[in-house]
Amino acid sequence: MSYVIIGNGVAGVHAAEAIRRIDPDGEITLIGDELFPPYCRPMISLVLEGAVTPDALPIRNDRFYDDLGIAPILGSRVEDIDVDNRTVKIANGETVPFDKLLIASGADPRPIKAEGLDLKNIFYMRTEGHVRSMLTALPKVQKALVLGGGLVGFKAAYGLMRRGIATTMLIRSGHPLSMQVDAAAGELVRENLMGRGLDVRVGASVTAFEGRGRVERAVLADGTTLSCDMAVIGKGVLPALSFVPRDKIGVDLGVLVDAHQETGAKGIYAAGDAAESTDIARRSRWVNAIWPEAVDQGRIAGMNMAGRAVAYPGSLSRNVIRIFDMDVMSGGVVTPETDSVYDVIHFHDPKRKRYRKLVFREDRLAGFVLVNAVEQGGVMLSLIRSETPVVVPRERLAAPSFNWSTLLPRAG
Amino acid sequence: MKTVVVHPERCVGCMQCMAACATAHSRSKSLFSAIHERPLPRPRVHVGAGLCNEGFPNRCRHCDPAPCRMACLPGAISRDPDTGTVLIDPDRCINCASCAMACPFGVIRYHADPLGPPEKVVAVKCDNCIDRQAEGRIPACVEICKSGALAFEEISVAMKRKTDQVARTVSSDVGAAPSSPGFELLKAVKKVEAELRASGR
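Just so we're clear, the structure is a prediction, and the values are computed from it rather than from any experiment. (Residues numbered from 1 in each chain as written. Chains lettered and ligands numbered in written order. Predicted model: local features only at pLDDT ≥ 70, side-chain atom pairs only at ≥ 80, totals over all residues. Heavy atoms only, no water.)

Here we look at the overall build of chain A
Then, number 1: Assigned secondary structure in chain A consists of 9 helices and 26 strands.
Then, number 2: Here the C-alpha atoms of chain A give a radius of gyration of 23 Å, agreeing with the 22 Å that 2.2 N^0.38 yields for 412 residues.
Then, number 3: Taking the principal axes of its C-alpha atoms as reference, chain A extends roughly 75 × 60 × 40 Å.
Then, number 4: Per-residue burial over chain A gives 56% buried out of 412 residues.
Then, number 5: Restricting the contact set of chain A to residue pairs at least 6 apart, pairs at least 24 apart contribute 61%.
Then, number 6: When the accessible surface of chain A is split by element, carbon and sulfur atoms take 49% of a total near 17500 Å².
Then, number 7: Taking the 49 positively charged and 49 negatively charged side chains of chain A as two groups, their mean positions are separated by 5 Å. (Helix = DSSP H or I, 4+ residues; strand = E, 2+ residues; numbered from the N terminus. Rg over C-alpha atoms; globule rule 2.2 N^0.38 Å. Buried < 20%, exposed > 50% of the residue type's maximum accessible area, 1.4 Å probe, protein only. Contact = heavy atoms within 4.5 Å. Areas by Shrake-Rupley, 256 points an atom, 1.4 Å probe, with all protein chains shown as cover. Lys, Arg positive; Asp, Glu negative; His and termini not counted. Charge placed at Lys NZ, Arg CZ, Asp CG, Glu CD.)

Okay, structure coming up:
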């Protein structure tokens, strides 16, 4: 049996390990774009910040490919999949045959439309390489601009501020973390960051960058200009799927997969940021491009590829971010539309800077936002994932005293 | 292999396990000097209040496979092969709280720890007192527990006893094994108190 895995990110690595545990003899080829050993992508912002050095990033040691008997093809992207003849074409024209294929190509930064993007010191922050080039530029940077108020934007802004660089964040929507939290929590985050010296501007977007060779200022949609000597674009990611033949393999935003991470084309699987699976909380298809999903989906795909049928109940949105002294965790459905099937309860303690929002669908928890005191978030995510009916009073879940035993049946 | 078995129906909520745990994870290992240590040693077992204020000693289950270990970004969580204990390496931990999202029991806390790197906030949870076990001693929470809510025993023995208990309840002439009347009384009082609070009296 020959297995080909496209992508040496966390989904690809876990898939390879799962395959090897079940099939000791199969040939595994792993095609990866990045030359750096398999590493922890969410930690690159810590390198920017200076909290860790790049040698803390690898998630496997440098003998990983040898130890598992994997043939790596690194530094090149896949150009095409020939579904009928079961081959993958690589950029240098080489073709690799497969019996089972995994698309774990991950995602690329969402590009923005603006003039002057070819100027120096304009960065995306997605790879270890991106952060390395940012670090090279940093010594001459005094004023930075961060585009986007999502997780990447925040991590970039936080890292730059820790480096002592005056940073301005431009957010198109009305509040930060608009994909992760509701407006109330977003406002708490904004206040906190402004208090720490971050210049946050909402409802702002860039139409052009200007400068002589190097970026010197940005022109905003309202005509104003902002001087800067560095810009970081963090406008989310899009699945990297340019090589997927859409007439043979179903693609929506991501590659459509079933409960076994298999696509409509038999023997071809997808996992991680490139895959679109059923979202447990939303009860619809969704690309949950997050690290823990990539770990799980990679393992599940690998086991199924190696012949062990294992079903995956679906994915779940979730995220946690710590910014200065503020912790924000969210999961599932966080901003349901009004007049929908969802009920929402709130808890807010401004003095302790604690905020909790719980979203219910009928008798089940469907989503939540926690600002500070996030330790019990895993219990809530577990309630959502297992679709356990909540039989205790709902306010008890929002209360600060909530803990696992709150969910136990009444004594006596 | 012995493991800590929790009998929640016997927990009276005295929280002595928390004090004993914090002391066991202090530098001085003595309650009287531990309270003067900085950072203050903190418990890794957490007595939470249930709906009627009944106690529940919530501690790490050392799950296998462990969701926190799978979710850990820097690979700081591992399993000790001898005791099956899930351990967090405070030097590798980056305090990202990914494990807080993964733990279905909510047993992980985040603070500077006397046994970790100085002044670094890290994820902290139960380590089954493996240092004490290596010296032939039992976990501190079990040693201090006077009501039998925490026991250190072979899991197969505990399972057999529970199975027998369940089996006895289905034979009509025997009935459930009697437990100490004190536990029933305490539970009844807490339940009435909770009902009074709920009705606003």
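Comments concerning the overall build of chain B
Then, number 1: Within chain B, the regular secondary structure consists of 8 helices and 8 strands.
Then, number 2: By principal-axis analysis of the C-alpha atoms, chain B measures approximately 60 × 45 × 35 Å.
Then, number 3: The buried share among the 201 residues of chain B stands at 45%.
Then, number 4: Considering only intrachain contacts with a sequence separation of at least 6, the fraction spanning at least 24 residues in chain B is 58%.
Then, number 5: When the accessible surface of chain B is summed, it comes to about 10500 Å², and 59% of that surface belongs to carbon and sulfur atoms.
Then, number 6: A gap of 4 Å separates the mean positions of the 27 positive and 21 negative side-chain charges of chain B.

Details of the pairing of strand 24 (residues 342–349) of chain A
Then, number 1: Examined bridge by bridge, strand 24 of chain A and strand 25 (residues 354–361) of chain A share 8 bridges and lie antiparallel to one another. Opposite Tyr342(A), over in strand 25 of chain A, you have Arg361(A) as the bridge partner. (Pairing = 2+ DSSP bridges.)

Side note on the packing of helix 1 (residues 10–22) of chain A against helix 7 (residues 291–305) of chain A
All names here are of chain A.
Then, number 1: The geometry of helix 1 relative to helix 7 is characterised by a closest axis approach of 7 Å and an angle of 30° between their N-to-C directions. As far as their axial angle goes, helix 7 and helix 1 are roughly parallel. At the point where helix 1 passes helix 7, the crossing takes the right-handed sense. Here helix 1 contributes Val-10, Ala-11, His-14, Ala-15, Ala-18, Ile-19, Arg-21 and Ile-22 to the contact with helix 7, which in turn contributes Trp-291, Ala-294, Val-295, Gly-298, Arg-299, Gly-302, Met-303 and Met-305.
Then, number 2: Taken together, the residues that form the contact of helix 1 with helix 7 break down as 11 nonpolar, 3 polar and 2 charged. (Axes fitted to C-alpha atoms, helices over the stretch in contact; angles between N-to-C directions. Parallel < 35°, antiparallel > 145°, perpendicular 65-115°, else oblique. Left-handed = near helix turned anticlockwise from the far one by under 90°. Nonpolar A, V, L, I, M, F, W, Y, C, P; charged D, E, K, R; others polar.)

Let's talk about the environment of Phe56(B)
Then, number 1: Tracing the backbone through its elements, the reader meets Phe56(B) in strand 3 (residues 55–58).
Then, number 2: For the pair formed by Phe56(B) and Ser30(B), sequence separation is 26 residues and the distance between their alpha carbons is 25 Å.
Then, number 3: If near-sequence neighbours (up to four positions away) are discounted, Phe56(B) is found in contact with Trp404(A), Ser405(A), Leu408(A), Pro8(B), Cys11(B), His46(B), Val47(B), Gly48(B) and Arg61(B).

Brief notes about the sheet that holds strand 10 (residues 143–147) of chain A
Residues and elements named next belong to chain A.
Then, number 1: Taken together, 5 strands build an open sheet; the order of strands is 9-16-10-11-12 and the sheet is parallel. Among the strands making up the open sheet, the edge pair consists of strand 9 (122–124) and strand 12 (199–202). In this sheet, adjacent strand axes meet at a mean angle of 20° when their direction is disregarded.
Then, number 2: In this sheet, strand 12 lies alongside strand 11 (residues 166–171) in parallel orientation, the contact comprising 4 bridges. Bridge assignment links Leu-170 to a residue of strand 12, and that residue is Arg-201.
Then, number 3: In the packing of helix 4 (residues 128–137) onto the sheet, the strands contacted are strand 9 and strand 16 (230–233), and the crossing angle to strand 9 comes to about 150°.
Then, number 4: The sheet contacts of helix 5 (residues 151–162) involve strand 10, strand 11 and strand 16, and relative to strand 11 the element is tilted by about 165°.

Points about the packing of aromatic side chains
Then, number 1: For the coordinates displayed, the defined rule picks out 5 aromatic pairs over all chains.
Then, number 2: Ring geometry for Trp404(A) versus Phe105(B): centroids 5.4 Å apart, planes at 70°, classification edge-to-face. Of this pair, Trp404(A) sits in the segment after helix 9 (394–398) while Phe105(B) sits in the loop between helix 4 (98–102) and strand 6 (109–112), each in a different chain.
Then, number 3: Given the relative accessible area of 21%, Trp404(A) is considered partly exposed.
Then, number 4: One aromatic cluster is present, built from ring pairs that chain together Trp404(A), Phe56(B) and Phe105(B).
Then, number 5: Taking the ring centre of Phe360(A) as reference, the NZ or CZ of Arg394(A) above it sits at 4.1 Å. (Phe/Tyr/Trp six-rings, centres within 6.5 Å; stacked < 30°, edge-to-face > 60°. Lys NZ or Arg CZ within 6 Å of the ring centre and 35° of its normal.)

Points about the side chain of Ser76(A)
Then, number 1: With respect to the helices, strands and loops of the structure, Ser76(A) is situated in the loop between strand 3 (70–74) and strand 4 (78–82).
Then, number 2: Using a relative accessible area of 14% as the deciding quantity, one classes Ser76(A) as buried.

Concerning the nonpolar core
All names here are of chain A.
Then, number 1: Counting 73 residues, the largest nonpolar core has Leu-102, Leu-160 and Met-230 as its most contacted members.
Then, number 2: The element that contributes the greatest number of residues to this core is helix 5, accounting for 7 residues.
Then, number 3: Once you skip the residues sitting within four places of it in the chain, Met-230 turns out to touch Asn-121, Phe-123, Met-134, Leu-138, Val-141, Lys-143, Ala-144, Leu-145, Leu-160 and Val-215. (Core = buried A, V, L, I, M, F, W, Y, C linked by side-chain atoms within 4.5 Å.)

Quick look at helix 1 of chain A
Residues spaced three or four apart along an α-helix point in a common direction, a consequence of the helix completing one turn every 3.6 residues.
Residues and elements named next belong to chain A.
Then, number 1: Here helix 1 contains 13 residues, and its C-alpha end-to-end distance of 19 Å stays within 8% of the 18 Å for a straight helix at 1.5 Å per residue.
Then, number 2: Most of helix 1 is tucked away: 11 of the 13 residues are buried.
Then, number 3: Inspection of helix 1 places Val-10, Ala-11, Gly-12, Val-13, His-14, Ala-15, Ala-16, Glu-17, Ala-18, Ile-19 and Arg-20 among the buried residues, and these make up the whole buried set.
Then, number 4: Buried residues along helix 1 sit in contact with strand 1 (2–6), strand 2 (27–32), helix 3 (64–67), strand 3, strand 7 (100–103) and helix 7. (Expected span 1.5 Å × (residues − 1).)

Quick notes on the interface of chain A and chain B
Then, number 1: Facing the 34 residues of chain A at the interface are 29 residues of chain B.
Then, number 2: Between chain A and chain B, roughly 2700 Å² of surface is buried when both sides are summed, and carbon and sulfur atoms account for 64% of that area.
Then, number 3: Viewed at the interface, chain B and chain A are joined by 0 salt bridges.
Then, number 4: On the surface where chain A and chain B come into contact, there are 6 residue pairs in polar contact (both at pLDDT 80 or more).
Then, number 5: Mapped by element, the contributors of at least two residues to the side of chain A that touches chain B are helix 7, strand 22 (318–323) and helix 8 (377–386) of chain A.
Then, number 6: Sort the elements by how many residues they give to the side of chain A that touches chain B and helix 8 of chain A lands first, with 5 residues.
Then, number 7: Considering only residue class, the side of chain A that touches chain B consists of 19 nonpolar, 9 polar and 6 charged. (Buried area = accessible area lost by both parts, 1.4 Å probe. Salt bridge = Lys/Arg side-chain N within 4 Å of Asp/Glu carboxyl O. Polar contact = N/O pair within 3.5 Å; in protein donor to acceptor, adjacent residues only side chain to side chain.)

Thoughts on unusual backbone geometry
Residues and elements named next belong to chain B.
Then, number 1: The omega angle of the peptide bond from Arg-38 to Pro-39 is 0°, so this bond is cis rather than trans.
Then, number 2: For Pro-39, the location among the structural elements is in the loop between helix 2 (31–34) and strand 2 (46–49).
Then, number 3: Look at the link from Asp-64 to Pro-65: it is a cis peptide, with omega at 0°.
Then, number 4: For Pro-65, the position within the fold is in the loop between strand 3 and helix 3 (67–71).
Then, number 5: Phi is positive for Asn-53, close to 70°, though the residue is something other than glycine.
Then, number 6: Residue position: Asn-53 is located in the loop between strand 2 and strand 3.
Then, number 7: Backbone geometry places Ala-97, a non-glycine residue, at a positive phi of 70°.

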